[in-house]
Amino acid sequence: MKKPVIDHDECIGDGICSDLCPEVFELRDDGLAYVINEKPDESLHGKVDEAIEECPTGAIAWAEE
Ligand code: SF4
């Protein structure tokens, strides 16, 4: 099972991931994005992949559990 993870040392809080896939990513008041769904449905994997590609700092990745 793989899950999306965010490296908070790399996140600059531009909200691109939460704009692309609000079902999985949320930008919070502390200026960092968080994963709010660690087991996204298969139908959302493409959007997560898009967020991974579009994140300007490469902060998002899939992690194997
Ligand atoms: S796209 Fe990347 S840098 Fe931007 S908020 Fe999401 S994780 Fe942070």
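Here, every reference points to the structure presented above.
Residues numbered from 1 in each chain as written. Predicted model: local features only at pLDDT ≥ 70, side-chain atom pairs only at ≥ 80, totals over all residues. Heavy atoms only, no water.

### Considerations on the overall build of the chain
In step 1: Scanning the chain for helices and strands turns up 2 helices and 4 strands.
In step 2: Counting helices and strands in the order they occur from the N terminus, the chain gives β-α-β-β-α-β.
In step 3: Counting the 65 residues in the chain, one finds 31% classified as buried.
In step 4: Working note: accessible area of the chain is about 3900 Å², and carbon and sulfur atoms make up 44% of it.
In step 5: On the chain, the mean spot of the 5 positive side-chain charges and the mean spot of the 18 negative ones are 7 Å from each other. (Helix = DSSP H or I, 4+ residues; strand = E, 2+ residues; numbered from the N terminus. Buried < 20%, exposed > 50% of the residue type's maximum accessible area, 1.4 Å probe, protein only. Areas by Shrake-Rupley, 256 points an atom, 1.4 Å probe, with all protein chains shown as cover. Lys, Arg positive; Asp, Glu negative; His and termini not counted. Charge placed at Lys NZ, Arg CZ, Asp CG, Glu CD.)

### Digging into the site of the ligand
In step 1: Around the ligand lies a shell formed by Ile6, Cys11, Ile12, Gly13, Asp14, Gly15, Ile16, Cys17, Ala33, Cys55, Thr57 and Ile60.
In step 2: Classifying every residue of the shell around the ligand gives 8 nonpolar, 3 polar and 1 charged. (Near = heavy atom within 4 Å. Nonpolar A, V, L, I, M, F, W, Y, C, P; charged D, E, K, R; others polar.)

### Quick look at the nonpolar core
In step 1: Membership of the largest hydrophobic core comes to 15 residues, with the highest contact counts inside it found for Ile6, Cys17, Val24, Phe25 and Ile60.
In step 2: Sequence-distant contacts of Ile6, that is, excluding residues within four places in its chain, are made with Cys11, Phe25, Ala33, Tyr34, Val35, Ala59 and Ile60. (Core = buried A, V, L, I, M, F, W, Y, C linked by side-chain atoms within 4.5 Å. Contact = heavy atoms within 4.5 Å.)

### Focus on a negative patch on the surface
In step 1: Side chains of Asp49, Glu50, Glu53 and Glu54 sit close together on the surface and give a patch of like negative charge.
In step 2: Take Glu50: it is sitting in helix H2 (residues 45–54). (Patch = residues over 30% accessible without salt bridge, like charges linked within 9 Å, V, L, I, M, F, W, Y side chains within 5 Å. Salt bridge = Lys/Arg side-chain N within 4 Å of Asp/Glu carboxyl O.)

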